[in-house]
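Notes for the structure review
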Amino acid sequence: MIQPHKASVTKDGGIYQLIYESNLDSKLEQILIGLMKDNPSSKIETTIRKFLLYVQHSTENFWSIYYNAKTYQEKLDCYYQFSKNQCLATEVLIRDLDSLSSEEEIKENLNSILKEGFTF
């Protein structure tokens with residue numbers, strides 16, 4: 001019987017450790033680690049922590065329902081819902097990261113405009 005691996009997504013854990021302990025797909029794990037290395041801002045880290053928290057809850061919910069399922073059909077339905085939840089979490093992560101990117105680009109553009117505006 002496969003046992004779930006629980007990772008507690010708290011402020012105490014280092015983000016890299018939390019990513020690893022979340023048992024994500026290795027490709028997704030590599031993407032998140034790369035993102036943190038390329039842009040180690042607190043906003044990015046907060047967004048990733050939010051994603052990991054959702055993944056943790058989704059995984060715990062999956063195992064709870066899975067162990068109570070009486071048929072393989074119920075287990076497959078449970079897995080199907082889990083997969084949909086993972087896709088939704090990834091979509092929200094992408095949206096949140098896009099919004100952060102837009103904020104940073106806007107700030108950079110405003111700084112450039114201000115510098116150029118005050119240069120005589």
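The coordinates are above.
Computed from a predicted structure; not experimentally measured.

Turning to the pattern of salt bridges, a few remarks are in order. By the definition in use, this model includes three salt bridges. Measuring nitrogen to oxygen at the nearest pair gives 2.9 Å for the salt bridge that ties Glu45 to Arg49. With Glu45 and Arg49 both in helix 3 (residues 42-68) and four residues apart, this pair spans about one turn of that helix. By relative accessible area, Glu45 is classed as partly exposed at 24%. With relative accessibility at 10%, the residue Arg49 sits in the buried group. A salt bridge links Asp96 to Arg95; the shortest N-O distance between them is 3.2 Å. Look at Asp96 and you get buried, because its relative accessible area is 14%. The network of salt bridges with common partners includes Lys50, Arg95 and Asp96.

Okay, the nonpolar core next. Ranked by internal contacts, the top residues of the largest apolar core, which has 15 residues, are Ile19, Leu24, Leu32, Ile48, Phe51 and Leu52. Apart from the residues within four sequence positions on either side, Leu32 is in contact with Ile19, Leu24, Ile48, Phe51, Leu52 and Leu93.

Where helix 2 (residues 26-38) contacts helix 3, the axes come no closer than 10 Å and their chain directions differ by 155 degrees. By the angle class used here, helix 2 and helix 3 are roughly antiparallel. Between helix 2 and helix 3 lies a crossing of left-handed hand. In this structure, helix 2 uses Leu28, Leu32, Leu35 and Met36 to contact helix 3, whose residues at the interface are Ile44, Glu45, Ile48, Phe51 and Leu52. Grouping the constituent residues of the contact of helix 2 with helix 3 by class yields eight nonpolar, no polar and one charged.

To continue, consider helix 2. A rise of 1.5 Å per residue sets the reference length of helix 2, with its 13 residues, at 18 Å; its end C-alpha atoms lie 18 Å apart and thus fit the reference within 8%. For helix 2, every residue scored as buried is listed here: Glu29, Leu32 and Met36. Buried residues along helix 2 cover an arc of 70 degrees about the axis, so they all sit on one side. Turned more than 90 degrees off the buried face of helix 2, the exposed positions are Lys27, Gln30, Ile31, Lys37 and Asp38. Put simply, Asp25 is the residue that caps the front of helix 2, since its side-chain oxygen is 3.0 Å from the backbone nitrogen of Lys27.

Cut-offs applied
- Residues numbered from 1 in each chain as written.
- Predicted model: local features only at pLDDT ≥ 70, side-chain atom pairs only at ≥ 80, totals over all residues.
- Heavy atoms only, no water.
- Salt bridge = Lys/Arg side-chain N within 4 Å of Asp/Glu carboxyl O.
- Helix = DSSP H or I, 4+ residues; strand = E, 2+ residues; numbered from the N terminus.
- Buried < 20%, exposed > 50% of the residue type's maximum accessible area, 1.4 Å probe, protein only.
- Core = buried A, V, L, I, M, F, W, Y, C linked by side-chain atoms within 4.5 Å.
- Contact = heavy atoms within 4.5 Å.
- Axes fitted to C-alpha atoms, helices over the stretch in contact; angles between N-to-C directions.
- Parallel < 35°, antiparallel > 145°, perpendicular 65-115°, else oblique.
- Left-handed = near helix turned anticlockwise from the far one by under 90°.
- Nonpolar A, V, L, I, M, F, W, Y, C, P; charged D, E, K, R; others polar.
- Expected span 1.5 Å × (residues − 1).
- Arc of directions from axis to C-beta.
- Polar contact = N/O pair within 3.5 Å; in protein donor to acceptor, adjacent residues only side chain to side chain.

These figures come from the coordinates and say nothing about function on their own.
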